[in-house]
Amino acid sequence: MIKRTPLQNAFTVVNTAVLAALALVTLYPLLYVVLASFSNPTLFAKHTGPLFWTQGFSLDAYKVVLEKPEILTGYGNTLFYVVVGTAVNMAFTISLAYVTSRPGLLLNKPIMLLIIFTMYFNGGLIPTYLLVQDLGLVDTRWAPILPTAISTFNLIILRTGFAGVPVSLEEAAKIDGASPFRIMVKIIFPLAMPTIAVIVLYYAVQHWNSWFQEMIYLRDDDLYPLQLFLRQILIENQQDDMVMATKTADQQALGEIIKYSTIIVSTVPILLVYPFLQKYFTKGVMIGAVKG
(Lines give C-alpha, C1' and ligand atoms only; values in the text may rest on other atoms or scores of the structure.)
Protein backbone atom coordinates (compact mmCIF):
# COMPACT_ATOMS: atom_id res chain seq x y z
CA MET A 1 0.00 0.00 0.00
CA ILE A 2 1.33 3.42 -0.99
CA LYS A 3 1.00 5.88 1.86
CA ARG A 4 -0.89 8.98 0.79
CA THR A 5 0.15 12.40 2.00
CA PRO A 6 -2.35 14.74 3.70
CA LEU A 7 -2.23 16.96 0.62
CA GLN A 8 -3.23 14.04 -1.62
CA ASN A 9 -6.10 13.14 0.73
CA ALA A 10 -7.29 16.75 0.74
CA PHE A 11 -7.18 16.83 -3.07
CA THR A 12 -9.26 13.64 -3.24
CA VAL A 13 -11.89 15.09 -0.91
CA VAL A 14 -12.10 18.39 -2.79
CA ASN A 15 -12.14 16.63 -6.16
CA THR A 16 -14.94 14.28 -5.03
CA ALA A 17 -16.97 17.20 -3.68
CA VAL A 18 -16.61 19.20 -6.90
CA LEU A 19 -17.55 16.23 -9.09
CA ALA A 20 -20.53 15.44 -6.86
CA ALA A 21 -21.69 19.05 -7.12
CA LEU A 22 -21.35 18.97 -10.91
CA ALA A 23 -23.30 15.70 -11.07
CA LEU A 24 -26.06 17.22 -8.92
CA VAL A 25 -26.26 20.33 -11.09
CA THR A 26 -26.45 18.15 -14.20
CA LEU A 27 -29.03 15.66 -12.91
CA TYR A 28 -31.27 17.98 -10.89
CA PRO A 29 -33.18 19.46 -13.89
CA LEU A 30 -34.08 15.94 -15.04
CA LEU A 31 -35.04 14.96 -11.50
CA TYR A 32 -37.18 18.09 -11.21
CA VAL A 33 -39.07 17.27 -14.40
CA VAL A 34 -39.71 13.68 -13.32
CA LEU A 35 -40.92 14.64 -9.84
CA ALA A 36 -43.06 17.50 -11.16
CA SER A 37 -44.73 15.26 -13.75
CA PHE A 38 -45.96 12.89 -11.01
CA SER A 39 -46.96 15.64 -8.58
CA ASN A 40 -50.47 16.72 -7.69
CA PRO A 41 -51.16 19.83 -9.81
CA THR A 42 -52.76 21.82 -6.98
CA LEU A 43 -49.99 21.06 -4.48
CA PHE A 44 -47.29 21.67 -7.06
CA ALA A 45 -48.72 25.10 -7.89
CA LYS A 46 -48.35 26.08 -4.22
CA HIS A 47 -44.78 24.76 -3.96
CA THR A 48 -41.82 27.14 -4.05
CA GLY A 49 -38.09 26.51 -4.02
CA PRO A 50 -36.17 23.34 -4.94
CA LEU A 51 -38.08 20.12 -5.55
CA PHE A 52 -36.62 16.91 -4.11
CA TRP A 53 -39.80 14.82 -3.85
CA THR A 54 -43.20 14.72 -5.44
CA GLN A 55 -45.89 17.07 -4.16
CA GLY A 56 -48.50 14.42 -3.55
CA PHE A 57 -48.96 11.93 -6.38
CA SER A 58 -51.08 12.20 -9.49
CA LEU A 59 -51.18 10.72 -12.99
CA ASP A 60 -53.70 13.23 -14.31
CA ALA A 61 -51.20 14.90 -16.63
CA TYR A 62 -50.15 11.57 -18.14
CA LYS A 63 -53.80 10.63 -18.61
CA VAL A 64 -54.42 13.85 -20.53
CA VAL A 65 -51.40 13.25 -22.76
CA LEU A 66 -51.74 9.49 -23.33
CA GLU A 67 -55.52 9.43 -23.77
CA LYS A 68 -55.23 11.48 -26.93
CA PRO A 69 -55.50 9.11 -29.94
CA GLU A 70 -52.88 11.14 -31.78
CA ILE A 71 -50.18 9.90 -29.41
CA LEU A 72 -50.25 6.33 -30.76
CA THR A 73 -50.27 7.66 -34.32
CA GLY A 74 -47.35 9.92 -33.47
CA TYR A 75 -45.39 7.05 -31.92
CA GLY A 76 -45.94 4.91 -35.02
CA ASN A 77 -44.87 7.69 -37.39
CA THR A 78 -41.87 8.55 -35.25
CA LEU A 79 -40.72 4.92 -35.21
CA PHE A 80 -41.01 4.88 -39.01
CA TYR A 81 -38.96 8.06 -39.34
CA VAL A 82 -36.38 6.79 -36.86
CA VAL A 83 -35.95 3.32 -38.37
CA VAL A 84 -36.29 4.10 -42.08
CA GLY A 85 -34.68 7.53 -41.79
CA THR A 86 -31.66 6.22 -39.90
CA ALA A 87 -31.27 3.38 -42.42
CA VAL A 88 -31.31 5.87 -45.31
CA ASN A 89 -28.90 8.17 -43.46
CA MET A 90 -26.44 5.39 -42.76
CA ALA A 91 -26.61 3.99 -46.31
CA PHE A 92 -25.69 7.36 -47.85
CA THR A 93 -23.26 8.42 -45.13
CA ILE A 94 -21.35 5.12 -45.04
CA SER A 95 -21.05 5.03 -48.83
CA LEU A 96 -19.65 8.54 -49.13
CA ALA A 97 -17.51 8.29 -45.98
CA TYR A 98 -15.90 5.05 -47.14
CA VAL A 99 -15.11 6.34 -50.62
CA THR A 100 -13.62 9.63 -49.42
CA SER A 101 -11.59 7.90 -46.69
CA ARG A 102 -9.65 5.70 -49.12
CA PRO A 103 -6.16 6.98 -50.00
CA GLY A 104 -5.54 7.68 -53.66
CA LEU A 105 -9.08 8.86 -54.49
CA LEU A 106 -8.97 11.27 -57.41
CA LEU A 107 -9.83 14.87 -56.41
CA ASN A 108 -10.32 13.81 -52.81
CA LYS A 109 -9.48 17.22 -51.31
CA PRO A 110 -11.72 19.26 -53.65
CA ILE A 111 -14.58 16.85 -52.99
CA MET A 112 -14.15 17.21 -49.23
CA LEU A 113 -13.99 20.99 -49.53
CA LEU A 114 -17.32 20.98 -51.38
CA ILE A 115 -18.81 18.72 -48.72
CA ILE A 116 -17.55 20.91 -45.86
CA PHE A 117 -18.88 23.99 -47.68
CA THR A 118 -22.42 22.70 -47.14
CA MET A 119 -21.91 22.85 -43.36
CA TYR A 120 -21.72 26.63 -43.44
CA PHE A 121 -23.83 27.65 -46.44
CA ASN A 122 -27.18 26.42 -47.71
CA GLY A 123 -29.97 27.63 -49.94
CA GLY A 124 -32.26 28.64 -47.10
CA LEU A 125 -35.71 27.51 -46.05
CA ILE A 126 -37.77 28.82 -48.98
CA PRO A 127 -35.51 27.47 -51.80
CA THR A 128 -35.28 24.15 -49.97
CA TYR A 129 -39.06 23.97 -49.66
CA LEU A 130 -39.49 24.77 -53.36
CA LEU A 131 -37.02 22.02 -54.22
CA VAL A 132 -38.83 19.48 -52.03
CA GLN A 133 -42.12 20.58 -53.59
CA ASP A 134 -40.80 20.18 -57.14
CA LEU A 135 -39.61 16.68 -56.26
CA GLY A 136 -43.13 15.78 -55.16
CA LEU A 137 -42.12 15.01 -51.58
CA VAL A 138 -44.38 17.50 -49.79
CA ASP A 139 -46.95 15.77 -47.56
CA THR A 140 -45.24 12.38 -47.89
CA ARG A 141 -43.31 10.27 -45.40
CA TRP A 142 -40.11 10.90 -47.37
CA ALA A 143 -40.18 14.68 -46.88
CA PRO A 144 -38.52 14.57 -43.42
CA ILE A 145 -36.02 11.91 -44.53
CA LEU A 146 -34.54 12.53 -47.98
CA PRO A 147 -33.73 16.28 -47.73
CA THR A 148 -31.44 15.52 -44.76
CA ALA A 149 -30.15 12.16 -45.90
CA ILE A 150 -26.53 13.10 -45.10
CA SER A 151 -25.26 15.14 -42.18
CA THR A 152 -21.89 16.67 -43.06
CA PHE A 153 -20.78 16.59 -39.43
CA ASN A 154 -21.60 12.88 -39.07
CA LEU A 155 -20.00 12.18 -42.42
CA ILE A 156 -16.71 13.73 -41.31
CA ILE A 157 -16.73 11.73 -38.06
CA LEU A 158 -17.41 8.46 -39.88
CA ARG A 159 -14.84 9.25 -42.57
CA THR A 160 -12.23 9.81 -39.85
CA GLY A 161 -13.15 6.49 -38.28
CA PHE A 162 -12.75 4.65 -41.59
CA ALA A 163 -9.45 6.42 -42.29
CA GLY A 164 -8.13 5.20 -38.93
CA VAL A 165 -8.18 1.58 -40.12
CA PRO A 166 -4.62 0.57 -41.13
CA VAL A 167 -4.12 0.53 -44.89
CA SER A 168 -1.98 -2.60 -44.53
CA LEU A 169 -5.08 -4.64 -43.65
CA GLU A 170 -6.78 -3.52 -46.85
CA GLU A 171 -3.68 -4.28 -48.91
CA ALA A 172 -3.43 -7.77 -47.40
CA ALA A 173 -7.07 -8.43 -48.26
CA LYS A 174 -6.49 -7.28 -51.85
CA ILE A 175 -3.59 -9.71 -52.17
CA ASP A 176 -5.91 -12.50 -51.04
CA GLY A 177 -8.34 -11.51 -53.79
CA ALA A 178 -11.00 -9.69 -51.75
CA SER A 179 -13.20 -7.25 -53.65
CA PRO A 180 -13.63 -3.62 -52.44
CA PHE A 181 -17.14 -4.42 -51.19
CA ARG A 182 -15.91 -7.46 -49.26
CA ILE A 183 -13.09 -5.40 -47.75
CA MET A 184 -15.57 -2.77 -46.63
CA VAL A 185 -17.98 -5.29 -45.05
CA LYS A 186 -15.51 -7.79 -43.57
CA ILE A 187 -12.63 -5.53 -42.50
CA ILE A 188 -13.51 -1.86 -42.38
CA PHE A 189 -16.97 -2.15 -40.80
CA PRO A 190 -16.00 -4.42 -37.83
CA LEU A 191 -13.01 -2.25 -36.94
CA ALA A 192 -15.03 0.97 -37.21
CA MET A 193 -18.13 -0.41 -35.47
CA PRO A 194 -17.86 1.89 -32.41
CA THR A 195 -17.89 4.93 -34.70
CA ILE A 196 -20.76 3.51 -36.76
CA ALA A 197 -22.80 2.85 -33.59
CA VAL A 198 -22.29 6.43 -32.41
CA ILE A 199 -23.42 7.84 -35.78
CA VAL A 200 -26.48 5.56 -35.73
CA LEU A 201 -27.44 7.00 -32.35
CA TYR A 202 -26.85 10.57 -33.57
CA TYR A 203 -29.17 10.05 -36.52
CA ALA A 204 -31.78 8.20 -34.44
CA VAL A 205 -31.92 10.97 -31.82
CA GLN A 206 -32.11 13.56 -34.60
CA HIS A 207 -35.16 11.85 -36.13
CA TRP A 208 -36.77 11.23 -32.74
CA ASN A 209 -36.58 14.90 -31.76
CA SER A 210 -37.39 16.29 -35.20
CA TRP A 211 -40.53 18.38 -35.59
CA PHE A 212 -39.67 21.54 -37.53
CA GLN A 213 -39.19 19.84 -40.90
CA GLU A 214 -42.39 17.88 -40.41
CA MET A 215 -44.24 21.09 -39.57
CA ILE A 216 -42.97 22.67 -42.81
CA TYR A 217 -43.45 19.76 -45.21
CA LEU A 218 -46.43 17.80 -43.82
CA ARG A 219 -50.10 18.76 -43.99
CA ASP A 220 -51.78 15.45 -43.15
CA ASP A 221 -52.14 14.81 -39.39
CA ASP A 222 -51.78 11.09 -40.02
CA LEU A 223 -48.14 11.71 -40.99
CA TYR A 224 -47.21 13.82 -37.96
CA PRO A 225 -44.48 12.49 -35.65
CA LEU A 226 -44.84 12.32 -31.89
CA GLN A 227 -42.96 15.56 -31.26
CA LEU A 228 -45.38 17.54 -33.41
CA PHE A 229 -48.41 16.14 -31.60
CA LEU A 230 -46.80 16.94 -28.25
CA ARG A 231 -46.13 20.45 -29.47
CA GLN A 232 -49.82 20.81 -30.26
CA ILE A 233 -50.72 19.60 -26.76
CA LEU A 234 -48.43 22.19 -25.22
CA ILE A 235 -49.93 24.93 -27.37
CA GLU A 236 -53.43 23.88 -26.38
CA ASN A 237 -52.47 24.15 -22.70
CA GLN A 238 -50.47 27.34 -23.01
CA GLN A 239 -51.39 29.77 -20.25
CA ASP A 240 -51.90 33.05 -22.00
CA ASP A 241 -53.99 35.78 -20.41
CA MET A 242 -57.16 34.96 -22.32
CA VAL A 243 -57.07 31.24 -21.51
CA MET A 244 -56.23 31.81 -17.86
CA ALA A 245 -59.30 33.99 -17.50
CA THR A 246 -61.54 31.07 -18.45
CA LYS A 247 -59.72 28.32 -16.54
CA THR A 248 -60.06 27.32 -12.91
CA ALA A 249 -57.00 27.24 -10.67
CA ASP A 250 -56.86 23.43 -10.88
CA GLN A 251 -56.97 23.51 -14.67
CA GLN A 252 -54.17 26.08 -14.76
CA ALA A 253 -52.06 23.93 -12.43
CA LEU A 254 -52.76 20.82 -14.55
CA GLY A 255 -51.65 22.71 -17.67
CA GLU A 256 -48.30 23.37 -16.00
CA ILE A 257 -47.83 19.69 -15.08
CA ILE A 258 -48.70 18.63 -18.64
CA LYS A 259 -45.56 20.41 -19.86
CA TYR A 260 -43.41 18.13 -17.71
CA SER A 261 -45.29 14.96 -18.61
CA THR A 262 -44.81 15.65 -22.33
CA ILE A 263 -41.07 15.94 -21.75
CA ILE A 264 -41.02 12.51 -20.08
CA VAL A 265 -43.21 10.89 -22.76
CA SER A 266 -40.96 12.18 -25.55
CA THR A 267 -37.61 11.59 -23.84
CA VAL A 268 -37.74 8.28 -21.97
CA PRO A 269 -38.01 5.93 -25.01
CA ILE A 270 -34.85 7.28 -26.66
CA LEU A 271 -33.02 7.25 -23.31
CA LEU A 272 -33.70 3.53 -23.00
CA VAL A 273 -31.66 2.93 -26.17
CA TYR A 274 -28.49 4.52 -24.79
CA PRO A 275 -27.45 1.70 -22.38
CA PHE A 276 -27.25 -0.73 -25.29
CA LEU A 277 -24.84 1.57 -27.17
CA GLN A 278 -22.84 2.82 -24.18
CA LYS A 279 -20.04 0.28 -24.68
CA TYR A 280 -19.51 1.58 -28.22
CA PHE A 281 -19.19 5.12 -26.89
CA THR A 282 -16.48 3.93 -24.50
CA LYS A 283 -14.61 2.14 -27.29
CA GLY A 284 -14.98 5.13 -29.59
CA VAL A 285 -13.37 7.38 -26.99
CA MET A 286 -10.49 4.97 -26.34
CA ILE A 287 -9.64 4.18 -29.97
CA GLY A 288 -7.98 7.53 -30.60
CA ALA A 289 -5.95 7.28 -27.36
CA VAL A 290 -4.18 3.99 -28.18
CA LYS A 291 -0.80 4.35 -29.81
CA GLY A 292 0.91 1.41 -31.48
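Within any chain, residue numbers begin from 1 and follow the written order of that chain's sequence. Whole-chain, interface and lining totals are the exception, using all residues; otherwise, since this is a predicted model, local features are given only for residues with pLDDT of at least 70 and side-chain atom pairs are given and counted only at 80 or more. Side-chain measures were taken over the full set of non-hydrogen atoms in the model, leaving aside hydrogen atoms and water.

### Points about a nonpolar patch on the surface
Taken together, Phe117, Met119, Tyr120, Phe121, Phe153 and Tyr202 make up a surface patch of nonpolar side chains, about 690 Å² in accessible area. Secondary structure elements are taken from DSSP: a helix is a run of H or I of four residues or more, a strand is a run of E of two residues or more, and numbering for both begins at the N terminus. Looking at the nonpolar patch, the element that brings in the most residues is helix H5 (residues 108–120), giving three residues. Inspection of the secondary structure puts tyrosine 202 in helix H10 (residues 193–209). Patch membership is restricted to residues that have no salt bridge and whose relative accessible area is over 30%. Joining uses 9 Å for like charges and 5 Å for the nonpolar side chains Val, Leu, Ile, Met, Phe, Trp and Tyr. The Shrake-Rupley method, run with a 1.4 Å probe, gives the accessible areas here. Residue values count only the displayed protein chains as cover. We count a salt bridge whenever a side-chain nitrogen from Lys or Arg sits within 4 Å of a carboxyl oxygen from Asp or Glu.

### With respect to the nonpolar core
For the purposes of this section, nonpolar cores are sets of buried Ala, Val, Leu, Ile, Met, Phe, Trp, Tyr and Cys residues that join through side-chain atoms within 4.5 Å. Burial here depends on accessible area, computed with a 1.4 Å probe over protein chains only, as a share of the maximum for the residue type. Under 20% is buried, over 50% is exposed, and the range in between is partly exposed. Judged by nonpolar contacts, the single largest core of 21 residues is most densely connected at Phe44, Val65, Ile71, Leu230 and Ile233. If you list the elements that add at least two residues to this core, you get helix H1 (6–37), helix H3 (60–66), helix H4 (70–101), H10, helix H12 (226–236) and helix H14 (249–271). At six residues, H14 tops the list of elements feeding residues into this core. Contacts are assigned to residue pairs that have any heavy atoms within 4.5 Å of one another. Contact partners of phenylalanine 44, with chain neighbours within four places excluded, come to Tyr32, Ala36, Ser39, Leu51, Gln55, Glu256, Ile257 and Tyr260. With 20 residues, the next largest nonpolar core counts Tyr98, Leu158, Phe162 and Val165 among its residues.

### Details of the layout of surface pockets
Every definition here rests on a 1 Å grid over the protein atoms only: cavities are sets of points where a 1.4 Å probe fits but cannot get out, pockets are open sets enclosed by protein on both sides within 12 Å along at least five of seven lines, and lining residues have some atom within 4 Å of a point. Grid points are joined across faces, edges and corners, and a volume is the space filled by probe spheres set on the points. In this structure, the largest pocket occupies an estimated 670 Å³ of space. Residue lining of the largest pocket: 23 residues in total, with Asn122, Thr128, Pro147, Thr148 and Gln213 positioned closest to the centre. At the level of secondary structure, the elements contributing two or more residues to the lining of the largest pocket comprise H5, helix H6 (125–134), helix H7 (152–163) and helix H11 (212–217). Here the term charged refers only to Asp, Glu, Lys and Arg, the term nonpolar to Ala, Val, Leu, Ile, Met, Phe, Trp, Tyr, Cys and Pro, and the term polar to all other amino acids, Gly among them. Of the residues assigned to the lining of the largest pocket, the class counts are 14 nonpolar, nine polar and no charged.

### Things to note about the side chain of threonine 262
Looking at the secondary structure, you find threonine 262 in helix H14. Accessibility expressed as a relative area gives 3% for threonine 262, which makes it buried. Ignoring any residue separated from it by four or fewer positions in sequence, one finds threonine 262 in contact with Val65, Leu230, Ile233 and Leu234.

### So, unusual backbone geometry
Negative phi characterises most residues that are not glycine, and trans characterises most peptide bonds. Despite not being glycine, leucine 107 has its phi angle at roughly 60°, a positive value. Assignment of secondary structure puts leucine 107 in the loop between H4 and H5. The class for leucine 107 is exposed, based on a relative accessible area of 55%. At aspartate 139, a residue that is not glycine, the phi angle is positive and equals roughly 65°. Mapped onto the fold, aspartate 139 is located in the loop between H6 and H7. Among the residues examined, aspartate 139 registers a relative accessible area of 31% and is labelled partly exposed.

### Observations concerning the confidence of the model for the chain
Residues with a pLDDT of 70 or more make up 88% of the chain, whose mean pLDDT is 83. Residue-level confidence of the predictor is what pLDDT reports, using numbers from 0 through 100. Throughout residues 287–292 the model reports pLDDT below 50, and contacts reaching past four residues in sequence, or to other chains, amount to one contact.

### A word on the packing of aromatic side chains
Any pair of Phe, Tyr and Trp rings, taking the six-membered ring for Trp, is counted once the centres come within 6.5 Å. Such a pair is stacked with planes under 30 degrees apart, edge-to-face with planes over 60 apart, and tilted for the rest. In this structure the tally under the stated criterion is 16 aromatic pairs. Judged by centre distance (6.0 Å) and plane angle (10°), the ring pair of tyrosine 129 and tyrosine 217 falls under stacked. Taken together, the positions of tyrosine 129 in helix H6 and tyrosine 217 in helix H11 put the pair 88 residues apart, joining distant regions of the chain. Linked through ring pairs, Tyr28, Tyr32, Phe44, Phe52 and Tyr260 together constitute an aromatic cluster. Two conditions define a charge sitting above a ring: the NZ of Lys or the CZ of Arg must be within 6 Å of the ring centre, and it must be within 35 degrees of the ring normal. In this structure, arginine 141 is placed above the aromatic ring of phenylalanine 80, and the distance from its NZ or CZ to the ring centre is 5.2 Å.

### What about the pattern of salt bridges?
Counting across every chain of the model gives two salt bridges. Between arginine 102 and glutamate 170 there is a salt bridge, and its shortest N-O distance comes to 2.5 Å. You can see arginine 102 sitting in the loop between H4 and H5 and its partner glutamate 170 sitting in helix H8 (residues 167–175), a full 68 residues away along the chain. For glutamate 170, a relative accessible area of 8% gives the class buried. Where glutamate 170 meets lysine 174, a salt bridge forms, and the shortest distance between an N and an O atom there is 3.8 Å. Separated by four residues within a single helix, glutamate 170 and lysine 174 lie in helix H8, roughly one turn from each other. The network of salt bridges with common partners includes Arg102, Glu170 and Lys174.

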